[in-house]
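Analysis of the macromolecular model
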Amino acid sequence: MSSLRLLSSAARQASSFTLARRGYAEVNDKLKLSLVLPHQAIFTSTDVVQVNIAAEGGDMGILGNHVPSIEALRPGVVEVIEATGGSKKWFTSSGFATVHPNNKLTINVVEAAPLEDFSVEAVRTNLQEALKVASGSGSEADKMEARIEADVYESLQHALGK
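Figured I'd write up the structure that's included with this text. Here the structure is a predicted model, which is why all the values come from computation and not from measurement.

Each value, and the rule that gives it
Residues numbered from 1 in each chain as written. Predicted model: local features only at pLDDT ≥ 70, side-chain atom pairs only at ≥ 80, totals over all residues. Heavy atoms only, no water. Helix = DSSP H or I, 4+ residues; strand = E, 2+ residues; numbered from the N terminus. Expected span 1.5 Å × (residues − 1). Buried < 20%, exposed > 50% of the residue type's maximum accessible area, 1.4 Å probe, protein only. Arc of directions from axis to C-beta. Contact = heavy atoms within 4.5 Å. Pairing = 2+ DSSP bridges.

What follows covers helix α3 (residues 140–160). Along an α-helix, a turn takes 3.6 residues, which lines up residues three or four apart on a common side. Here α3 is 21 residues long and its end C-alpha atoms lie 30 Å apart, about the 30 Å a rise of 1.5 Å per residue gives. Inspection of α3 places A146, A150, Y153, L156, Q157 and L160 among the buried residues, and these make up the whole buried set. The buried residues of α3 occupy an angular sector of 125 degrees when the element is viewed end-on, so they sit on one face. Turned more than 90 degrees from where α3 packs its buried face, E140, A141, M144, I148 and H158 sit exposed. Where α3 is buried, its residues contact β6 (87–92) and α2 (120–134).

Right, here's the structure in full:
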């Protein structure tokens, strides 16, 4: 009988809580984006509509009212869609994206460069060189470093669409 009283008491207490309902982002819901590198801030609390990131768990788009989370970033593209409708793309090596309450997004990356700054031919050449070193007869440290370099070049080649 005491367990029944305990359950009904817990049920009464649980029903008194109100749960916040999440909905879709409204067009007016802007994100305050901060995109920072160790030596430079690309965006500082700038209003944007959407940010697409290359998270370790998969690509994701972040709009206003997104659930707070922390995402590890893999080498890939961070695309920022501005309120004017234009978009800017940066290739990032790695980092973290933190979605804060109140429509704030902070992206901390080790390195980033505008995607249009990369040459398809240079990426292809550097990828071939990295793969040659990774499969060569050098030291294990050199091979591992070349494998990481090749992974980044493969991600960059994919981002460039070639």
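Let's shift gears to the pairing of strand β7 (residues 95–100). Examined bridge by bridge, strand β4 (residues 69–73) and β7 share 5 bridges and lie antiparallel to one another. Note that in β7 the partner of A72 across the bridge is F96. With 6 bridges connecting them, β7 and strand β8 (residues 104–109) associate as antiparallel partners. If you follow F96 over to β8, its bridge partner there is N108. A loop of 3 residues connects β7 with β8, the two strands running antiparallel in sequence, and N102 in this loop sits at a positive phi of about 65 degrees.

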